[in-house]
Amino acid sequence: MARSMSFCIFIALLAFAPICFSFKNNNGNLYPQYYYKSCPKAQEIVKSVVAKAVAKEARMAASLLRLHFHDCFVKGCDASLLLDSSRGIVTEKGSNPNKNSARGFEVLDDIKSALEKECPQTVSCADILALAARDSTVLAGGPSWEVPLGRRDSRSASLSGSNNNIPAPNNTFNSILSKFQRQGLDLVDLVALSGSHTIGNSRCTSFRQRLYNQSGNNKPDSTLDQSYAAQLRNRCPKSGGDQNLFFLDFVSPTKFDNSYFKLLLASKGLLNSDQVLATKSQASLALVKQYAENNALFFDHFAKSMVKMGNISPLTGSNGEIRKNCRKINSS
């Protein structure tokens, strides 16, 4: 009887083992249940504020997703992007990739304010960015994933890191890939995460050279569909109109799907950094074709790559801090 009872207890413990073991990911510090006890409503609060913001302006989903990407590629996922300039800090918001384009900071302020009321100085701004990116993707019709949590916020920013580490619209394929590899990401991550351009907009200034002078010979980019180029020139002249906005995916600009990859195969990628995925690497082109044919595969790879990107050099333990205000470090 005693042996039977011991066996039953052993089996019962095994049943609970996966739950216990799932609390840690490969990073060893981040795990989805991080706030279950300290702030049980954290994810619900983030989702609610993001949902209201996206309902008010569909474009906000892409803006919030982009902020997480631009944060992680500079010093890791530590919310350094959210810091305003102050004594000793030069904001990353003024870098070439972010100036006049990074947006959604007010939404993050609203999320932080709500979280501070619910559980003061508990949820980091870095984790808010990661959760808002996931929720934005889902609200736009994309995949969901469990977000590993437990990041802490940096006490510094890096303007030079923002200028140098974030891929630019006119970078070559090799330059873009090397910037991903520098972060521990690979070709699959590059192509899958580029699929986030299935939603959102880009400015005329980001692709003008493709329309008029791609290679310094006063000719348009030969890899750009010429009828599409003609349409773009209507609102993106040789000079002026720098801030005019264009859909990155004109087929379904607010729906997260695989039409972005279908456009690349039709030579209708808006940015040079988009189109090179289909023209400069056979391995990259193979992935573009796979995602264009299989939306479920794209969703699966995108979700996995987002988790991987979210694990870039997080501050954990006693490193960094939990900011009270995402725009400034706590006073000492």
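Because the structure is predicted, anything quoted here is derived from the model rather than measured. (Residues numbered from 1 in each chain as written. Predicted model: local features only at pLDDT ≥ 70, side-chain atom pairs only at ≥ 80, totals over all residues. Heavy atoms only, no water.)

Overview of the overall build of the protein
Secondary structure summary: the protein contains 14 helices and 2 strands in total. Since a compact globule built from 332 residues should have a radius of gyration of about 20 Å, the 22 Å found for the protein is in line with a globular shape. Split into buried and exposed, the 332 residues of the protein put 52% on the buried side. In the protein, the share of contacts with a sequence separation of at least 24, taken over all contacts with a separation of at least 6, comes to 74%. Accessible surface computed for the protein: about 15,600 Å², of which carbon and sulfur atoms make up 53%. Distance between charge centroids for the protein: 2 Å, based on 40 positive and 26 negative side chains. (Helix = DSSP H or I, 4+ residues; strand = E, 2+ residues; numbered from the N terminus. Rg over C-alpha atoms; globule rule 2.2 N^0.38 Å. Buried < 20%, exposed > 50% of the residue type's maximum accessible area, 1.4 Å probe, protein only. Contact = heavy atoms within 4.5 Å. Areas by Shrake-Rupley, 256 points an atom, 1.4 Å probe, with all protein chains shown as cover. Lys, Arg positive; Asp, Glu negative; His and termini not counted. Charge placed at Lys NZ, Arg CZ, Asp CG, Glu CD.)

Observations regarding the state of the cysteines
Here, disulfide denotes a covalent bond that connects the sulfur atoms of two cysteines. Tallied over the entire structure, the rule returns 4 disulfides. Note that Cys-125 is cross-linked by a disulfide to Cys-326, the S-S spacing being 2.1 Å. Of note, the bridge from Cys-125 to Cys-326 carries an S-S torsion of about -100 degrees and is left-handed in sense. Within this pair, whereas Cys-125 is found in helix H5 (residues 125–139), its partner Cys-326 is found in the segment after helix H14 (295–310), the two being separated by 201 residues in sequence. Neither Cys-125 nor Cys-326 differs from the other in exposure class; each is buried. (Disulfide = S-S within 2.5 Å.)

Considering the packing of aromatic side chains
Here the structure, examined in full by the defined rule, presents 17 aromatic pairs. Judged by centre distance (5.1 Å) and plane angle (65 degrees), the ring pair of Phe-261 and Tyr-291 falls under edge-to-face. Separated by 30 residues along the polypeptide, Phe-261 in helix H11 (residues 259–265) and Tyr-291 in helix H13 (residues 282–293) bring together distant segments of the chain. On the basis of relative accessible area, Tyr-291 is assigned to the buried category, the value being 0%. The cationic tip of Lys-93 hangs over the ring face of Phe-105; the distance from NZ or CZ to the ring centre is 4.3 Å. The ring of Phe-246 carries Arg-235 above its face, with NZ or CZ at 4.5 Å from the centroid. (Phe/Tyr/Trp six-rings, centres within 6.5 Å; stacked < 30°, edge-to-face > 60°. Lys NZ or Arg CZ within 6 Å of the ring centre and 35° of its normal.)

With respect to helix H2 (residues 42–56)
Taking 1.5 Å per residue as the helical rise, H2 with its 15 residues ought to reach 21 Å, and the 22 Å between its terminal C-alpha atoms agrees with that figure. Against the buried residues of H2 lie helix H3 (60–72), helix H4 (105–118) and H5. (Expected span 1.5 Å × (residues − 1).)

Comments concerning the UniProt feature "active site" (unreviewed entry) in the protein
In this structure's numbering, the residues bearing the UniProt feature "active site" (unreviewed entry) are His-70. Take His-70: it is sitting in helix H3. Here His-70 falls in the buried class, since its relative accessible area comes to 5%. Here His-70 is in contact with Leu-81, Pro-97, Asn-98 and Ile-166, once residues within four sequence places are set aside. (UniProt positions renumbered as here; feature names shortened; annotations may be inferred.)

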